[in-house]
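Examination of the molecular architecture
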Amino acid sequence: QVQVIECGGGSVQAGGSLRLSCAASGHTFSNYDLGWYRQTSVGERAFVGSISRDGSWYFVDDVRGRFTISRDNGKNRMYLEMNNLKPEETAIYYCNIVASLFKDHPTFWGQGTQVNVSS
């Protein structure tokens, strides 16, 4: 069982920045595919961006150019740098881990970290 913890959320004004961190247990972090999702108070959990085992990344169009994603396999950490935040991006942000090399591709979620963006 992989334990996942997000931190780094908080409150910022529109246009501000936050850096989120995801910490995970286990000895095979380098083999995980990683991603960030977010969920508003009225919406479903939605994909934001990802970084694969080989370091390739992908973002949805509305955050591309403002967000960056990175990983440090030696520290079992993933990071999401969010710049020029918008009020509509107020949400709980979740770290997602997929153990892609296992046949069942087990998925693990953190508890979420709250991001509030005020206008």
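Bear in mind that the values here come from a model prediction, so they are computed numbers and not experimental data.

1. Structural notes on the sheet that holds strand β8 (residues 77-82)
Strands sit in the order β1-β3-β8-β7 across an open sheet of four strands; the sheet is antiparallel. This sheet does not close on itself; its edge strands, each paired only once, are β1 (4-7) and β7 (67-72). Between one strand axis and the next, the sheet turns by 15° as a mean value, whatever way the strands run. Sheet topology note: the strand β3 (residues 18-24)/β8 ladder contains six bridges and is antiparallel. Residue Ala23 lies in a different strand from β8, and its bridge partner there is Arg77.

2. Examining the pattern of salt bridges
Using the criterion set out here, one finds four salt bridges in the structure. Between Arg53 and Asp33 there is a salt bridge, with the nearest N and O atoms lying 3.9 Å from each other. Of this pair, Arg53 sits in the loop between β5 (46-51) and β6 (57-59) while Asp33 sits in strand β4 (residues 33-39), and the two are 20 residues apart along the sequence. Between Glu89 and Arg66 there is a salt bridge, and its shortest N-O distance comes to 2.5 Å. With Glu89 in the loop between β8 and β9 (91-98) and Arg66 in the loop between β6 and β7, the pair connects residues that are 23 residues apart, well separated along the chain. Salt bridges sharing common partners tie together Arg38, Asp62, Arg66 and Glu89.

3. A look at the environment of Ser11
Inspection of the secondary structure puts Ser11 in strand β2 (residues 10-13). A C-alpha to C-alpha distance of 19 Å links Ser11 and Cys95, two positions 84 residues apart in sequence.

4. A short note on the packing of aromatic side chains
What the rule picks out here adds up to six aromatic pairs. For the ring pair Phe29 and Tyr32, a centre distance of 5.9 Å and an interplane angle of 70° mean the geometry is edge-to-face. Its relative accessible area of 3% is what places Tyr32 among the buried residues. For the ring pair Tyr94 and Trp109, a centre distance of 6.5 Å and an interplane angle of 85° mean the geometry is edge-to-face. Linking Tyr94 in strand β9 with Trp109 in strand β10 (residues 107-109), this pair joins segments that are 15 residues apart in sequence. Taking the relative accessible area as the measure of exposure, Tyr94 reaches 9% and is therefore buried. Every member of this aromatic cluster is reached through a ring pair, and the members are Tyr37, Phe47, Tyr58, Tyr94 and Trp109. Its end group placed over the ring of Tyr79, Arg19 keeps NZ or CZ at 4.0 Å from the ring centre. Note that Arg45 overlies the ring of Trp109, its terminal NZ or CZ placed 4.6 Å from the centroid.

Conventions adopted
Residues numbered from 1 in each chain as written. Predicted model: local features only at pLDDT ≥ 70, side-chain atom pairs only at ≥ 80, totals over all residues. Heavy atoms only, no water. Pairing = 2+ DSSP bridges. Helix = DSSP H or I, 4+ residues; strand = E, 2+ residues; numbered from the N terminus. Axes fitted to C-alpha atoms, helices over the stretch in contact; angles between N-to-C directions. Salt bridge = Lys/Arg side-chain N within 4 Å of Asp/Glu carboxyl O. Phe/Tyr/Trp six-rings, centres within 6.5 Å; stacked < 30°, edge-to-face > 60°. Buried < 20%, exposed > 50% of the residue type's maximum accessible area, 1.4 Å probe, protein only. Lys NZ or Arg CZ within 6 Å of the ring centre and 35° of its normal.

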